[in-house]
Structures are given as C-alpha cells and as structure tokens.
Amino acid sequence: MSSTFDVINPATEEVVRSVALTSAEETDAAIARAQAALPAWRAVAPGDRARLLRRFADAVDADLENLARLEVTNSGHTIGNARWEAGNVRDVLHYYSAAPERLLGKQIPVPGGVNVTFAEPLGVVGVIVPWNFPMPIAGWGFAPALAAGNTVVLKPAELTPLTALRLAELAREAGIPEDVFQVLPGKGSVVGQRFVEHAGVRKVVFTGSTEVGKQIMAGCAARVKRVTLELGGKNANIVFADADLAKAAATAPYGVFDNAGQDCCARSRILVQASVYEKFLELLEPAVKGVVVGDPGAEATEMGPLISAQHLEKVASYLAPDTPVAFRGSAPEGPGFWFPPTVVLPKSPADPLVTEEIFGPVVAVQPFETEADAIAQANDTEYGLSGSIWTSDVGRALRVSRGVEAGNLSVNSHSSVRYWTPFGGFKQSGLGRELGPDAVEAFTETKNVFISTEE
Ligand code: TAP
C-alpha cells in the first residue's frame with residue numbers, strides 16, 4: 001500500500017491535494033519500465049525525436065497559465081515568477097529539441113583505417129529536484145536527457161510535486177511514450193535513494209542541499225555512476241564606490257529576496273566599498289521597504305511566503321533578539337509561512353549570517369576597503385555558485401569577475417540563469433554544468449570506432 005502526502009498551500013496553510021508516495025518497489029518497477037523503453041526511444045529517428053520535444057514544448061506553452069497557477073498554489077511563487085518558470089520549461093524544451101539532429105561525432109585521421117566517434121545515450125537518467133524551483137530545475141535535467149536518447153525517471157521534492165505531475169501528463173499528450181518520461185513523487189530517502197542504488201540508473205542529476213549532494217556523490221561513486229550536482233550558495237553582490245549606487249541599491253533587494261530568498265543564486269551577502277557604505281544603506285532602506293510581500297496570486301506581488309512551517313522556523317532561527325538588524329520590510333499577518341525581507345549588519349566574518357546559506361529573505365551587508373579585499377571576502381566561503389559586481393570601470397569588472405571563484409557572475413545586473421549559457425557551481429556549490437550549448441554532452445558517452453581499410 002502506498003502512503004500519501006498532503007500538499008499544503010504555503011500562503012494559506014490549506015491542504016491542496018493528497019498525492020500518493022511512490023514506494024521503493026514501485027520505483028524499481030518504474031526503473032525497469034524505463035530500461036525496457038530505452039531501445040525503442042533511442043531508435044526514434046533524430047528528426048522525429050526533435051518533433052516530439054517541440055510538441056512537448058507546445059503542450060507546455062498551451063498549459064502555461066494552468067502550470068503557473070499550480071505553482072502559485074503549491075509553492076507560493078508569485079504569479080509573475082511562476083509564468084516565467086513554466087515559460088522556461090517550454091524554452092528549454094525548444095532549445096534542446098535542436099539537439100537530436102546535431103548529435104555530431106568526429107572523424108579523426110588515423111593510419112590504416114577510418115575512425116569515428118558516436119555520442120551514445122547513457123541509459124536511464126534519474127533526476128532529483130528540490131522544492132525551490134520545481135519546474136525549471138526539472139526541465140534542465142529532462143529536456144537534454146531526452147534529447148540525447150535517454151529515458152528519464154524524475155523525483156520532484158516531496159513538498160512540491162504538482163507541476164512535475166502535470167508535465168508528465170503534457171509529455172504523454174505530446175506523444176512521448178509513458179515509460180520514456182516518468183514522474184515519481186515520493187521521499188528522497190526512498191525514491192531518490194533507489195535512483196542512486198539501482199544499477200539500472202546510469203546517471204543521477206541532483207539539485208538540492210550540499211549535505212544531501214555529498215551523500216548522493218558518495219553513493220554514485222560506489223557504482224561509478226555519472227552524477228551532476230547543483231548545490232547551495234552564499235553569493236556576494238559586490239558594490240564598488242564607482243557604481244551607479246542608486247541602481248545598485250534599488251535592484252539589490254530583488255537579487256536576494258526573489259522567491260523569498262529560497263534561491264541558490266540569492267545574493268545574500270552585499271559587500272559595499274567602505275567610502276559609500278553609509279550612503280548605500282540609506283538608499284537600500286526604501287528599496288527593501290518597498291518590496292511588495294503578500295498574496296502570491298496577485299499580479300503586483302513581488303515576494304510570497306516561505307515553503308513550509310519547518311522552513312520558516314529554520315530561517316527565523318538565524319535571528320536572535322541581539323542580532324544587528326538594520327531594517328526590515330513587511331509581511332502579512334495570519335495564516336501562511338511569512339517572513340519579512342530583513343537586512344542585517346553582522347560584525348564578524350564568522351557569523352552564521354555571513355557563512356551559512358539561510359535560504360530565506362535575509363541579507364547581510366558588510367563593508368570592504370580595496371578591490372583585493374572585495375575578492376577575498378567574496379571567496380571566503382566553501383560555496384561558489386553566483387555573484388554580482390557593480391562598477392562603472394570595465395577593467396575592474398573583468399578583473400573581479402576573473403577573481404571571484406563562482407560559476408555564474410553578472411556585472412551591473414543580477415542575472416544567473418539563462419538557458420543559452422552554462423550554469424553550475426565552483427567548490428561545494430556543485431559538479432558539472434547544466435544548460436547552454438554543451439549540456440547534452442553530459443547525457444552521452446563518447447564511443448570510438450576504428451574501421452580498418454587494410455586489404
Ligand atoms: P534537499 O533537502 O537536499 O532535497 C533536494 C531533493 O533531494 C529533494 O527531492 C529531496 O527529497 C531529495 N533527497 C533528500 N534526501 C535524499 C537522499 N538521501 N537521497 C536521494 N534524494 C534525497 O534540498 P532542498 O531543501 O529541497 O532544496 C534546497 C537546497 O537546494 C538549497 O541548498 C539550495 O541552494 C539548493 N539548490 C541548488 C540549486 C542549484 S542549481 N545549484 C538550485 C536550487 C536549489 P524530499 O523532498 O523527500 O526531501
């Protein structure tokens with residue numbers, strides 16, 4: 001008998017739907033079906049596989065508003081963000097639909113014959129998704145995996161299964177065979193664990209906490225299983241005195257409080273050059289207080305609730321009565337897991353507010369003196385995912401970009417994820433890259449074949 005999980009609307013605390021949890025036995029059966037579906041899927045002609053992915057993208061597009069509303073209800077994402085997220089799944093499917101017809105090998109000059117390489121699919125790929133961006137992170141795994149001819153089993157986070165389940169329905173409507181792309185809602189310790197342990201799964205794509213990512217990597221190492229890891233971040237937003245300070249301050253709240261700070265790319269440390277530190281804080285205060293926090297389904301809302309009561313408790317635990325809070329924004333009263341945007345001024349670089357990924361709407365502002373000091377402070381973390389650099393000096397922008405140990409940097413903006421470009425972390429923020437022109441390679445093995453031409 002399967003057990004069930006009650007999905008809760010984080011803005012109202014009401015039960016949305018009860019979802020059956022996949023057991024270990026059911027996971028094994030799904031993996032066996034995915035293995036059985038592999039020969040036919042990889043044999044689909046490249047142009048036909050491309051067409052199926054484009055039809056899947058079109059089905060997502062036709063269902064965009066429904067998917068977005070589902071995410072608002074399940075995850076408390078603002079409706080504007082949720083529409084972007086569903087649109088991102090559509091765009092990523094379209095982008096990788098070009099891949100089946102371009103899975104090129106090489107003809108390499110060798111003596112005595114002809115040498116060619118093939119990009120072969122890996123087999124069954126297991127994708128494990130966290131609760132903070134249920135749609136896009138699912139798509140970054142399944143779209144290139146399917147394009148390369150793999151079959152996919154996908155586990156959404158226990159808290160947020162609804163959009164992934166809908167995406168599986170849309171894939172079927174588009175004509176993708178049921179066993180080629182299966183969504184298995186359930187617990188990480190059950191379904192996710194089987195992806196790691198089961199010999200039939202040839203690659204695990206994991207996005208989530210660094211702690212669980214290390215366990216996944218260790219489990220995969222024991223089986224020499226391919227693994228991609230997208231883990232945590234404690235990203236720096238570096239503001240130099242020569243920057244457009246008004247713009248840097250006006251945008252800083254959105255660089256960290258988007259998705260209520262539940263974003264691996266959240267710029268949760270703002271490093272400000274000491275000569276403009278006070279001025280920056282003066283400009284930051286109205287920007288933080290102006291963030292519209294409330295009903296995520298309302299068009300004007302800029303920040304919704306946290307995902308769960310447990311997560312709210314974790315975020316709140318970082319703020320003690322003696323925490324140096326500079327100022328805070330607002331949050332609704334009553335039901336829902338609300339936490340206001342909060343700006344803190346830690347005194348020590350060892351303060352957990354500076355070192356730990358809080359994964360909520362809390363940002364630490366710290367001064368720095370020189371360019372070298374800014375780079376050293378930005379790098380004083382085990383993480384290395386993203387970051388921003390605000391300066392009007394192009395040479396400095398490039399020097400600091402090269403100096404900061406992180407996979408995704410933006411200058412005079414807070415952009416991290418663009419599906420055309422590679423995304424992933426340095427250090428303990430991850431292993432491998434997703435998105436961009438090369439992502440499909442991570443879902444293939446290179447096979448080398450030599451054909452003798454000797455008589
Ligand atoms: P986790 O607790 O690590 O969970 C992530 C996923 O792994 C969930 O589906 C979870 O299932 C599953 N899982 C848990 N234990 C497992 C195990 N032993 N074996 C296999 N799977 C297991 O993370 P979270 O709290 O959902 O997400 C927040 C974290 O993700 C943050 O650290 C954030 O920075 C990181 N994140 C990183 C990125 C990128 S791209 N680098 C993007 C988004 C989020 P359950 O739902 O059952 O727990």
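As the structure is a computational prediction, the values presented were derived from the model and not from experiment. (Residues numbered from 1 in each chain as written. Predicted model: local features only at pLDDT ≥ 70, side-chain atom pairs only at ≥ 80, totals over all residues. Heavy atoms only, no water.)

**With respect to the overall build of the protein chain**
How we decide: By definition, any uninterrupted DSSP run of H or I lasting at least four residues is a helix, any uninterrupted run of E lasting at least two residues is a strand, and each is numbered from the N terminus. Our radius of gyration looks at C-alpha atoms and nothing else; its globule reference is 2.2 Å times the residue count to the power 0.38. Exposure categories follow from relative accessible area, calculated using a 1.4 Å probe and restricted to protein chains: below 20% of the type maximum is buried, above 50% is exposed, and the middle band is partly exposed. Note on contacts: a residue pair qualifies if any of its non-hydrogen atoms lie within 4.5 Å across the two residues. Here the open area of atoms and residues is found with the Shrake-Rupley method and a 1.4 Å probe, where only the protein chains shown may cover a residue. His residues and chain termini do not enter the charge count, which takes Lys and Arg as positive and Asp and Glu as negative. We put the charge of a Lys on NZ, of an Arg on CZ, of an Asp on CG and of a Glu on CD.
Looking only at helices and strands, the protein chain has 14 helices and 18 strands in total. Relative to its length of 455 residues, the protein chain is compact, with a C-alpha radius of gyration of 23 Å against a globular reference of 23 Å. Each principal axis of the C-alpha distribution contributes one length, and for the protein chain these read about 80 × 60 × 40 Å. Relative to its full complement of 455 residues, the protein chain shows a buried share of 56%. Here the analysis covers contacts within the protein chain between residues at least 6 apart in sequence; of these, 73% occur between residues at least 24 apart. Taken as a whole, the protein chain presents about 18,500 Å² of accessible surface, with 54% of it coming from carbon and sulfur. With 39 positive and 53 negative side-chain charges, the protein chain shows a separation of 5 Å between the mean positions of the two kinds.

**Concerning the site of the ligand**
Test applied: A single heavy atom is enough: if one lies within 4 Å of a molecule or strand, its residue is considered near that molecule or strand. Distance and chemistry together define a polar contact, namely a pair of N or O atoms within 3.5 Å, with one atom able to donate a hydrogen and the other to accept it when in protein, and with adjacent residues in sequence counting only for side-chain atoms on both sides. Any residue outside Ala, Val, Leu, Ile, Met, Phe, Trp, Tyr, Cys, Pro, Asp, Glu, Lys and Arg is labelled polar, Gly included; the first ten of those are nonpolar and the last four are charged.
Lining the immediate surroundings of the ligand are 30 residues, of which Val129, Glu158, Gly188, Ser209 and Glu357 lie closest. In the environment of the ligand, an oxygen atom lies 3.1 Å from a nitrogen or oxygen atom belonging to the side chain of Trp131. For the shell around the ligand, the secondary-structure elements that each account for two or more residues are helix H7 (188-197), strand E8 (201-207) and helix H8 (210-221). Taken together, the residues of the shell around the ligand sort by class into 15 nonpolar, 10 polar and 5 charged.

**Thoughts on the packing of aromatic side chains**
Applicable threshold: Aromatic pairing here means that ring centres of Phe, Tyr or Trp (its six-membered ring) are within 6.5 Å. Orientation follows from the plane angle: under 30 degrees is stacked, over 60 is edge-to-face, and everything else is tilted.
Under the definition given, this model contains 9 aromatic pairs. Here the aromatic rings of Phe56 and Phe181 are separated by 6.1 Å at their centres, their planes lie at 50°, and the arrangement is tilted. Placement of the pair is Phe56 in helix H2 (residues 46-62) and Phe181 in strand E7 (residues 181-183), with a sequence separation of 125 residues. Phe56 gets classed as buried once you look at its relative accessible area, which sits at 0%. Classification of Phe181 as buried rests on a relative accessible area of 2%. When the centroid spacing of 5.5 Å and the interplanar angle of 70° are considered together, the rings of Tyr95 and Tyr419 count as edge-to-face. Of this pair, Tyr95 sits in helix H4 (residues 79-97) while Tyr419 sits in the loop between strand E16 (408-411) and strand E17 (430-431); the two residues are 324 residues apart in sequence, bridging distant segments of the chain.

**A few points about the pairing of strand E4 (residues 113-121)**
Defined as follows: In this analysis, strands are considered paired if DSSP registers two or more bridges between them.
Two elements, strand E3 (residues 107-110) and E4, share 4 bridges in a ladder whose sense is antiparallel. Pairing of Ile108 across the sheet is with Asn115, part of E4. Linking two consecutive strands that pair antiparallel, namely E3 and E4, is a turn of 2 residues; a positive phi of about 85° is found at Gly112 within it. Pairing geometry for E4 and strand E18 (residues 444-452), over 9 bridges, is antiparallel. Bridging across to E18, Ala119 finds its partner in Thr446.

**Description of the packing of H2 against helix H5 (residues 134-147)**
What counts is decided by this rule: In this description, a line fitted to the C-alpha atoms serves as the axis of each element, helices being fitted only across the stretch in contact, and the angle between N-to-C directions of two axes falls anywhere from 0 to 180 degrees. Roughly parallel refers to an angle under 35 degrees, roughly antiparallel to one over 145, roughly perpendicular to one between 65 and 115, and oblique to any angle outside these ranges.
The interhelical angle for the contact between H2 and H5, taken along N-to-C directions, is 155°, at an axis separation of 10 Å. When the axis of H2 is compared with that of H5, the two are roughly antiparallel. Residues Arg49, Leu53 and Phe56 of H2 touch H5, and the partners they reach there are Phe142, Leu146 and Ala147. Split into classes, the residues belonging to the contact of H2 with H5 amount to 5 nonpolar, no polar and 1 charged.

**Some thoughts on helix H6 (residues 162-173)**
Short version of the rule: Take the number of residues in a helix, subtract one, and multiply by 1.5 Å to get its expected span.
With 12 residues, H6 should reach 16 Å at 1.5 Å per residue; the first-to-last C-alpha distance of 17 Å fits that figure. For H6, the full list of buried residues reads Leu162, Thr163, Ala164, Arg166, Leu167, Ala168, Leu170 and Ala171. Looking at the residues trailing H6, positive phi occurs at Gly175, about 105°.

**Overview of the domain arrangement of the protein chain**
Selection rule: An automatic or database domain assignment provides the domain bounds reported here. Each of two parts loses accessible area, computed with a 1.4 Å probe, when they are put together; buried area is these two losses added. Should a side-chain nitrogen of Lys or Arg be within 4 Å of a carboxyl oxygen of Asp or Glu, the pair is scored as a salt bridge.
If you check the domain split of the protein chain, you get domain 1 (4-231 + 428-452) and domain 2 (236-418). Once you take the C-alpha centre of each, domain 1 and domain 2 turn out to be 30 Å apart. Contacts between the two partners involve 28 residues from domain 1, matched on the other side by 30 residues from domain 2. Of the roughly 2,300 Å² buried at the junction of domain 1 and domain 2 (both faces included), carbon and sulfur atoms supply 58%. Its largest share of buried area at the contact with domain 2, domain 1 owes to Pro10, Trp131 and Ser429, together 22% of the area lost on that side. Across the domain 1-domain 2 interface, the total number found is 2 salt bridges. The partner of Arg83 in a salt bridge is Glu299, with the nearest N and O atoms 3.0 Å apart. Mapped onto the side of domain 1 that touches domain 2, the elements with two or more residues apiece are helix H3 (64-75) and H4. A per-element tally of the side of domain 1 that touches domain 2 places H3 first, with 4 residues. For the side of domain 1 that touches domain 2, the residue count by class is 11 nonpolar, 12 polar and 5 charged.

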